[in-house]
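Spelled out from the first residue to the last, the chains are:
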Amino acid sequence: MMRLCAALLICLLGSLNSVHAAPGQHPRWSVGYHEMTFLDPLDLQPMRAIAFYPSSDREHLSLLEGYSVEAGEDTKVAIGRFPMLMLSHGNTGTPLALHDLATSLARKGFVVVAVIHPGDNSRDHSRLGTLSNLYGRPIQISEAITATLGDRMLSPYVNAEQVGVIGYSAGGETALILSGAQPDLDRLRRYCQERPDDRDACNTQGELIVDRDDLQPVADPRVHALLLMAPLSLKFGRHTLADVHVPVLLYSGDGDKLVAFDKNAAALARKLPTAPDFKLLAGAGHFVFMAPCTEEQILAMPALCTDADGVDREDIHRNLISEAGRFFSHALGRPTRAGMQTADQ
């Protein structure tokens with residue numbers, strides 16, 4: 001995600017965390033959120049994730065770093081064993097920009113763990129363009145899986161055999177590595193020779209900074225399904241995708257001006273060993289996958305909030321949420337009550 005986006009986000013986002021009751025209908029489940037802190041496997045410094053989960057409590061509305069999120073902090077977890085979805089955001093981004101997807105999937109019966117990647121988020125760009133970021137992001141997601149399975153509050157309610165990954169933009173690259181893809185850095189060099197004006201992919205002129213020569217791409221066998229949205233995937237060729245054998249739901253807009261559609265999503269759809277369920281959104285740009293903006297956000301960051309004529313972001317999100325729930329339920333299985341010892345805890 002481009003640096004301009006990060007600057008605009010930082011201007012908008014605050015650190016206020018206030019919670020109050022939200023009116024409205026009460027579906028089967030409401031949504032809770034739980035903040036987790038664990039050690040970044042790259043440098044053993046603290047890193048964060050926010051888990052959104054099905055709750056049996058009343059509806060809440062919370063302000064999380066500038067985003068109005070339909071979830072209450074540490075509310076009662078609904079009884080069941082729920083599939084777990086890890087959410088990896090884009091370069092210099094925040095997973096809270098996808099809050100509507102995370103909370104809607106939690107309401108459908110998934111625990112969605114939104115990871116804030118150290119060194120590559122809206123407040124910290126220190127690892128951008130480095131080898132440690134490329135190979136470290138998947139390792140961070142794996143650590144977040146382990147942390148969730150060991151979390152005292154959440155571990156009784158998640159199913160370790162039902163794990164998927166949601167990857168947006170650079171998070172799509174992260175998700176693919178977790179499922180067995182091997183980045184080919186020569187592909188990045190060739191791409192940047194061909195398209196040197198791509199300021200996002202080629203901000204280091206096609207040469208990643210080798211800050212860690214001890215890191216390698218590491219897959220996680222616990223990952224069983226991927227949802228990819230506008231994925232950065234130009235580093236992968238057919239042979240480097242040969243070990244990706246999990247089902248994939250792939251979304252992209254053919255109006256994406258940031259992550260070139262032809263060299264990323266369209267090429268990925270052709271090269272995956274098993275054809276993905278590919279949803280192509282006519283005219284949609286890169287930021288259409290972020291939650292529909294409030295009026296304040298439209299004024300503060302119009303580049304992220306304004307879609308092309310004829311592109312209905314709210315309608316796209318309704319369909320995306322529906323398709324994602326259906327996809328992950330089929331690929332991973334539905335929530336169960338297996339192993340639950342009491343009716344309430």
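What you see as residue numbers is a count from 1 along each chain, following the sequence as written. Given that the model is predicted, a residue must reach a pLDDT of at least 70 before its local features are reported, and side-chain atom pairs must reach 80 or more before they are shown or counted; all residues, however, enter totals for whole chains, interfaces and linings. In computing side-chain properties, one takes all heavy atoms of the structure into account and sets aside hydrogens as well as water.

- The protein chain has the name Dienelactone hydrolase in an unreviewed UniProt entry, where Pseudomonas fitomaticsae is given as its organism.

1. Quick notes on the overall build of the protein chain
So, step 1. Regarding its fold elements, the protein chain presents nine helices and 12 strands.
So, step 2. Per-residue burial for the protein chain yields a buried fraction of 59% across its 345 residues.
So, step 3. In this description, contact between two residues means that some pair of their heavy atoms is separated by no more than 4.5 Å. Of the contacts formed within the protein chain by residues at least 6 apart in sequence, a portion of 77% connects residues at least 24 apart.
So, step 4. When the accessible surface of the protein chain is totalled, it reaches about 14,400 Å², and 51% of it is carbon and sulfur. Strands are runs of DSSP state E lasting at least 2 residues, helices are runs of H or I lasting at least 4, and numbering of each runs from the N terminus. For every residue, the accessible area obtained with a 1.4 Å probe (protein chains only) is divided by the maximum for its type, and the residue is called buried under 20%, exposed over 50%, and partly exposed between those limits. All accessibility values rest on the Shrake-Rupley procedure with a 1.4 Å probe; residue burial counts only the protein chains present in the view.

2. With respect to the sheet that holds strand β2 (residues 30–39)
So, step 1. In this analysis, strands are considered paired if DSSP registers two or more bridges between them. With mixed pairing, the nine strands of this open sheet are ordered in space as β6-β2-β3-β8-β7-β9-β10-β11-β12. The strands lining the two open edges of the sheet, one partner per strand, are β6 (72–73) and β12 (277–281).
So, step 2. When strand β9 (residues 158–168) meets strand β10 (residues 223–229), the two strands line up parallel, connected through five bridges. From the neighbouring strand, V163 faces β10, where its bridge partner is V223.
So, step 3. Think of each axis as a best-fit line through the C-alpha atoms, taken over the contacting stretch in the case of a helix, with angles from 0 to 180 degrees between the N-to-C directions. This element, helix α9 (residues 313–332), spans β7 (82–88), β9, β10, β11 (248–253) and β12 of the sheet and lies at about 165° to β10.

3. Re unusual backbone geometry
So, step 1. Backbone geometry places L44, a non-glycine residue, at a positive phi of 65°.
So, step 2. Here L44 shows up in the loop between β2 and β3 (46–55).
So, step 3. Given the relative accessible area of 57%, L44 is considered exposed.
So, step 4. At Q205, a position not held by glycine, the phi torsion is positive, near 60°.
So, step 5. Within the element layout of this structure, Q205 appears in the loop between α5 (185–194) and β10.

4. Some thoughts on the state of the cysteines
So, step 1. Pairs of cysteine sulfur atoms within 2.5 Å are identified as disulfides in what follows. The final tally for this structure, using the stated rule, is two disulfides.
So, step 2. At a sulfur-sulfur separation of 2.1 Å, the disulfide partner of C192 is C202. Its torsion about the S-S bond being -95°, the disulfide of C192 and C202 is classed as left-handed. Here C192, found in helix α5, pairs with C202, found in the loop between α5 and β10; they are 10 residues apart in sequence, far enough to count as distant.
So, step 3. When its relative accessible area of 7% is taken as the criterion, C192 is described as buried.
So, step 4. For the protein chain, the bonded cysteines pair up as 1-2, 3-4 when numbered in the order they occur along the sequence.

5. Here's the deal with the nonpolar core
Soluble, globular proteins show a tendency: their nonpolar side chains are buried together.
So, step 1. By nonpolar core we mean a set of buried residues, namely Ala, Val, Leu, Ile, Met, Phe, Trp, Tyr and Cys, connected to one another through side-chain atoms within 4.5 Å. Core analysis: the largest hydrophobic core is formed by 108 residues, its most contacted members being F52, M86, L227 and M229.
So, step 2. Sequence-distant contacts of L227, that is, excluding residues within four places in its chain, are made with L101, V165, I166, G167, L249, Y251, L320, A324, F327 and F328.

6. As for the pairing of β10
So, step 1. Within β10, six of the seven residues are buried, leaving the element largely enclosed by the surrounding structure.
So, step 2. Judged from the four bridges that link them, β10 and β11 form a sheet pairing that is parallel. Within β11, the position partnered with L226 by the bridge is V248.

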